[in-house]
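Report on the structure
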Amino acid sequence: MAEFRFFGGDLMKAVGGQMVRHYRDTAYMGFVDVATHLPSIFKNMSLCRSDIKNWKPDVVILVDYPGFNLEIAKFVHDNKLAKVFYYISPKIWAWKEHRIHSIKRNVDELFSILPFEVPFFEQKHHFPIHYVGNPTADEVRAFKNGYTETFLQFCQRNKLDERPIIALLAGSRRSEIRDNLPKMMRTMPHYSQYQFVLAGAPSIDVEYYQPFIEGTDVRLVRNQTFELLSHATAALVTSGTATLETALFNVPQVVCYCAPMARFYGFLRRWFVHVKYVSLVNLIADREVVPELVLETYSHERLLKCLGDILPGSPGRTEMLAGYEEVRQTIGKPNAPANAAKIIVELIPF
């Protein structure tokens with residue numbers, strides 16, 4: 001029987017094993033956040049190293065979070081403590097491609113949930129990788145199989161009217177919501193035949209949304225993103241996993257991502273981000289399936305046009321739905337976590 005010790009969260013704790021440290025005490029994002037928590041980061045890094053050294057596992061399985069995990073991989077490899085497996089490979093295709101040298105040197109087996117990573121690692125960098133499927137596709141598939149609520153029932157339960165829905169997925173961080181939601185809402189007067197429904201992020205309090213939507217016809221539903229997408233006619237979505245979720249629910253979308261100093265950040269993006277697209281839908285398809293209005297390429301006029309192009313009766317809607325089918329085919333195999341676990345078990349050096 002396998003034994004597990006981990007730095008992780010509540011879901012990992014629920015299925016067993018010994019939690020050494022909760023991930024909320026280790027995960028920091030952005031330069032300022034990292035800089036102000038350096039003592040805590042170093043302390044957690046030291047704890048993780050000593051715990052691995054003392055426990056002597058057969059394999060160390062790293063999950064995402066490359067800033068922390070690549071340092072742990074180096075420590076484990078340099079001290080010949082265990083095999084290193086990396087599930088959900090670092091997104092070095094977007095930026096920090098130089099990390100490939102650390103991966104090649106310190107990681108024994110790499111596991112991907114994005115099909116376009118296979119040619120990136122294997123053909124460009126000559127490093128083998130296991131593509132195991134995509135867990136977001138698994139989550140959407142499982143939800144669809146068990147969800148039976150009708151459009152009218154959903155509307156009645158959430159005190160909505162019976163107009164078709166345009167969903168607003170404005171991000172999961174306060175800064176994203178602040179910079180994107182007001183711009184999304186400016187489209188409302190032009191599409192009064194639709195009701196605009198905002199997907200509240202689980203990590204954001206209702207009170208944060210109130211100044212943006214108070215006095216408007218926008219309705220907020222919390223912890224119901226999948227339910228909302230099940231009944232939406234179209235969506236305005238910030239970049240991220242939400243773009244893939246929206247595609248898997250077959251909801252035509254416009255991806256828009258705004259930020260202060262858009263031209264400056266757009267300039268930095270051209271120099272430091274090495275991908276053609278920001279949405280997972282377009283990255284997986286390797287072409288523009290959904291329009292991306294990002295930073296300096298965003299304008300209110302373009303957003304209005306792109307939204308109009310994907311509403312019922314528009315050829316753009318039909319074309320986008322065909323692109324979604326291509327994305328689903330490319331994602332391929334179901335049960336990503338189970339596929340990864342099976343390969344890991346077969347590779348563990350008992």
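Computed from a prediction, not measured in an experiment: that's the story for all the values here.

Reading guide: rules and limits
- Residues numbered from 1 in each chain as written.
- Predicted model: local features only at pLDDT ≥ 70, side-chain atom pairs only at ≥ 80, totals over all residues.
- Heavy atoms only, no water.
- Helix = DSSP H or I, 4+ residues; strand = E, 2+ residues; numbered from the N terminus.
- Buried < 20%, exposed > 50% of the residue type's maximum accessible area, 1.4 Å probe, protein only.
- Contact = heavy atoms within 4.5 Å.
- Areas by Shrake-Rupley, 256 points an atom, 1.4 Å probe, with all protein chains shown as cover.
- Core = buried A, V, L, I, M, F, W, Y, C linked by side-chain atoms within 4.5 Å.
- Pairing = 2+ DSSP bridges.
- Right-handed = clockwise from strand over helix to strand, strands pointing away.
- Axes fitted to C-alpha atoms, helices over the stretch in contact; angles between N-to-C directions.
- Parallel < 35°, antiparallel > 145°, perpendicular 65-115°, else oblique.
- Salt bridge = Lys/Arg side-chain N within 4 Å of Asp/Glu carboxyl O.
- Polar contact = N/O pair within 3.5 Å; in protein donor to acceptor, adjacent residues only side chain to side chain.

Another point: the overall build of the protein. A tally of regular secondary structure across the protein gives 17 helices and 12 strands. With 350 residues in all, the protein has 48% of them scored as buried. Looking at the protein alone, contacts between residues at least 24 apart form 61% of all its contacts between residues at least 6 apart. With the model as given, the accessible surface of the protein reaches about 18300 Å², and the carbon-plus-sulfur share is 56%.

To continue, consider the nonpolar core. The biggest cluster of nonpolar side chains holds 108 residues, and the ones touching the most others in it are Leu168 and Leu181. Take this core: its biggest share by element is six residues, from helix H4 (residues 66-78). With near-sequence residues (within four places) excluded, Leu181 lies in contact with Leu168, Ala170, Glu176, Leu198, Tyr209, Phe212 and Ile213.

Counted residue by residue, strand S7 (residues 165-169) has five buried out of five residues, so it is predominantly covered. Side-chain alternation along S7 places Ile165, Ala167 and Leu169 on one buried face and Ile166 and Leu168 on a second face that is also buried. Pairing of S7 with strand S8 (residues 195-200) involves four bridges; the strand directions are parallel. When the bridges of S8 are listed, Leu168 appears paired with Leu198. Note that the unit made of S7, helix H9 (residues 174-185) and S8 has a crossover that is right-handed. Of the pairings in the sheet, the one linking S7 to strand S10 (residues 232-237) comprises five bridges and is parallel in character. Across the sheet, the residue bridging to Ile165 is Ala232, located in S10.

Contact pair helix H12 (residues 241-248) / helix H16 (residues 315-331): the axes reach a minimum separation of 9 Å and the direction vectors enclose 105 degrees. In this view, H12 runs roughly perpendicular relative to H16, as classed from their interaxial angle. Between H12 and H16, the residues in contact are Leu244, Thr246, Ala247 and Leu248 and Tyr324, Val327, Arg328 and Ile331, respectively.

One non-glycine residue, Ile88, lies in the positive phi region at around 65 degrees. Along the chain, the position of Ile88 falls in the loop between strand S4 (83-87) and helix H5 (100-106). With phi around 55 degrees, Lys159 is a residue other than glycine that occupies positive phi space. Assignment of secondary structure puts Lys159 in the loop between helix H8 (151-157) and S7. For Lys159, a relative accessible area of 70% gives the class exposed.

Take the environment of Gly17 next. As for its placement among the helices and strands, Gly17 is situated in the loop between helix H1 (10-14) and strand S2 (18-22). Sequence separation of Gly17 and Glu3 is 14 residues, and the distance between their C-alpha atoms is 6.5 Å. Beyond its immediate chain neighbours, meaning those up to four positions away, Gly17 contacts Phe4 and Phe6.

We now examine the sheet that holds strand S11 (residues 253-257). On the basis of which strands lie adjacent, the open sheet formed by six strands has the order S9-S8-S7-S10-S11-S12 and parallel pairing. Every other strand in the sheet has two partners, leaving strand S9 (219-222) and strand S12 (292-294) as the edge strands with one partner each. Recorded for the sheet is a direction-independent mean angle of 25 degrees between the axes of neighbouring strands.

Between side chains of opposite charge, a pair can form as their charged atoms come close. Counted under the stated rule, the structure contains 14 salt bridges. Between Asp78 and Lys74 there is a salt bridge whose closest N-O contact spans 2.8 Å. Here the residue Asp78 and the residue Lys74 both occupy positions in helix H4, the gap between them amounting to four residues, near one helical turn. Take Asp78: its relative accessible area is 41%, and that puts it in the partly exposed class.

Let's shift gears to the side chain of Thr243. Of note, Thr243 is situated in helix H12. Sequence-distant contacts of Thr243, that is, excluding residues within four places in its chain, are made with Val237, Thr238, Gln253, Val255, Ser279, Leu280 and Val281.

What follows covers the sheet that holds S4. If you walk across this open sheet you meet the four strands as S3-S4-S5-S6, and the pairing is parallel. Both outer strands of the open sheet, strand S3 (59-63) and strand S6 (130-131), are each paired with one neighbouring strand and no more. Inspection of the sheet shows S4 paired to strand S5 (residues 109-112) by three bridges, in the parallel sense. Paired with Tyr87 across the bridge in S5 is Phe111.

This part covers the environment of Asp78. Separated by 28 residues in the primary sequence, Asp78 and Asn106 place their C-alpha atoms 7.9 Å from one another. At 2.8 Å, the side chain of Asp78 and the side chain of Lys74 are in polar contact.

Purely spatial values, then, with no claim about function.
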